[in-house]
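# Results of the structural survey
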Amino acid sequence: MISTAAAAAHPNIAFIKYWGNQDHTLRIPANSSLSMNLDGLETRTTVQFDTSLAADQLILNGEPREGDALARVTATLDQLRRLAELETSALVKSENSFPTGTGIASSASAFAALALAGATALGLCLSEPELSQLARIGSGSASRSIPGGFVEWQAGTDHESSFATSIAGTDYWDLVDFIVLISSQHKAVSSSQGHQLADTSPLQGARVADADRRLDLCRKALLERDFSLFGEIVELDSTLMHSVMMTSTPPLYYWAPGTLEIITAVQEWREEGVQVCFTIDAGPNVHVLCPGTEAEAVKRRLTSLVNIKSILKCTPGGPAWVLGPETSGV
Ligand code: DP6
């Protein structure tokens, strides 16, 4: 028996960050988070359940992968097999349209696409919350790449209560994310390893205790399209997460000198009257956010900086989607 399906998903950028878990195996996060899917970037994944396979196989960007990457894929496939009540192994082929391991969360789009492709291949009719729960098993942030537009992931307390939903569609706010790439090298310490260190920081308790307040303010700013409040909260939340990272044991410094250069430039531009703010994930690259009306001015300023490799422009992206056989491309 062979059954195949393909799906695609966008990565997302968190405005209120997920850092630390209540349960590392199920990836039940320490706090709720809020993000925007990134149009223009995507992972395309084909899942082929095949009774002739002895074990799951993973081909990522054309390269066979084993170890941790394959184990995470198998954990997601195991959930699907349990739901479909079968034991068949699968061949998973996944391609990213952007560099892996740069702080652009490729695991988010990868596991969202895997969950949707796998469920489709097995003919499972899962609801959006169920797909989001399933994607979360592979990578926490993947739960937010299932719904479209602006997305909130309720931390919950167990598998059933921890999933993401859309709070506003792609057209709700014309927000631009310039991803300023300082390095495309693979990050030294993965997010998964980092989440396990979060509780070693004396600052994590305070970060988590205040997370719902920040999330409420961020949601309000977003729904009212209030960029000034939005920028204040987004930068605070990002810097709180990096403070936890830097004060963990062992400490995690994801920033490079170029990261600080962009932070400083964004602060200067804001003082000059430009509506702009920054947020940074688990890597040195900086996401520079602005309303669409400011995009030209921000792009011009960004290209004048010297220590950057390249700039990707993203706008709000839709939900994960099923690909027809002719468009899967993997
Ligand atoms: C800094 O979802 O990549 O991007 O669940 O271990 O796969 P795993 O971690 P991951 O963590 C994302 C961390 C972050 C912040 C965020 O996206 O909320």
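Residues numbered from 1 in each chain as written. Predicted model: local features only at pLDDT ≥ 70, side-chain atom pairs only at ≥ 80, totals over all residues. Heavy atoms only, no water.

When its secondary structure is counted, the protein chain shows nine helices and 16 strands. For 330 residues, the compact-globule estimate of 2.2 N^0.38 gives 20 Å, and the protein chain sits close to it at 19 Å. With the C-alpha coordinates of the protein chain rotated into their principal frame, the extents come out at 65 × 40 × 35 Å. For the protein chain, the computed accessible surface area is about 13200 Å², with 52% contributed by carbon and sulfur atoms. In the protein chain, which carries 23 positive and 37 negative side-chain charges, the distance between the mean positions of the two groups comes to 3 Å. (Helix = DSSP H or I, 4+ residues; strand = E, 2+ residues; numbered from the N terminus. Rg over C-alpha atoms; globule rule 2.2 N^0.38 Å. Areas by Shrake-Rupley, 256 points an atom, 1.4 Å probe, with all protein chains shown as cover. Lys, Arg positive; Asp, Glu negative; His and termini not counted. Charge placed at Lys NZ, Arg CZ, Asp CG, Glu CD.)

This paragraph deals with the site of the ligand. Around the ligand there are 17 residues in total, and Arg72, Ser139, Gly140, Ser141 and Ser192 lie nearest to it. In isolation the ligand offers 450 Å² of accessible surface; the protein chains occlude 97% of this area. Top element by residues in the shell around the ligand is helix H4 (residues 191-197). It accounts for three residues. (Near = heavy atom within 4 Å.)

According to the stated counting rule, one finds 12 salt bridges in the structure shown. Through salt bridges that share partners, Asp210, Arg213, Arg214 and Asp237 make up one connected network. (Salt bridge = Lys/Arg side-chain N within 4 Å of Asp/Glu carboxyl O.)

Below, the discussion takes up the sheet that holds strand S2 (residues 12-16). Read across the sheet, four strands follow the order S2-S5-S10-S11 without closing on themselves; strand pairing throughout is antiparallel. Two strands in the sheet have a free side with no partner beyond their single neighbour: S2 and strand S11 (163-168). Looking at each pair of strands side by side, their axes are set apart by 35 degrees on average, direction ignored. The sheet contact formed by strand S10 (residues 150-154) and S11 spans five bridges and is antiparallel. Pairing of Trp153 across the sheet is with Ala164, part of S11. (Pairing = 2+ DSSP bridges. Axes fitted to C-alpha atoms, helices over the stretch in contact; angles between N-to-C directions.)

As a further point, take helix H1 (residues 67-84). Two residues of an α-helix separated by three or four positions point the same way, owing to the 3.6 residues in each turn. In this model, H1 (18 residues) spans 25 Å end to end at C-alpha, consistent with the 26 Å of a helix rising 1.5 Å per residue. Ala69, Leu70, Arg72, Val73, Thr76, Leu77, Gln79, Leu80 and Arg81 are the residues of H1 that are buried. At the exit of H1 stands Glu85, carrying a positive phi of roughly 55 degrees. (Expected span 1.5 Å × (residues − 1). Buried < 20%, exposed > 50% of the residue type's maximum accessible area, 1.4 Å probe, protein only.)

Two elements in contact, helix H6 (residues 211-223) and helix H7 (residues 227-246), have axes separated by 8 Å at closest approach and are oriented at 145 degrees. By crossing handedness, the relation of H6 to H7 is classed as left-handed. For the pair H6 and H7, the contacting residues are Arg213, Arg214, Leu217, Cys218, Lys220 and Ala221 in the first and Leu229, Phe230, Ile233, Val234, Leu236, Asp237 and Leu240 in the second. When its residues are assigned to classes, the contact of H6 with H7 shows nine nonpolar, no polar and four charged. (Left-handed = near helix turned anticlockwise from the far one by under 90°. Contact = heavy atoms within 4.5 Å. Nonpolar A, V, L, I, M, F, W, Y, C, P; charged D, E, K, R; others polar.)

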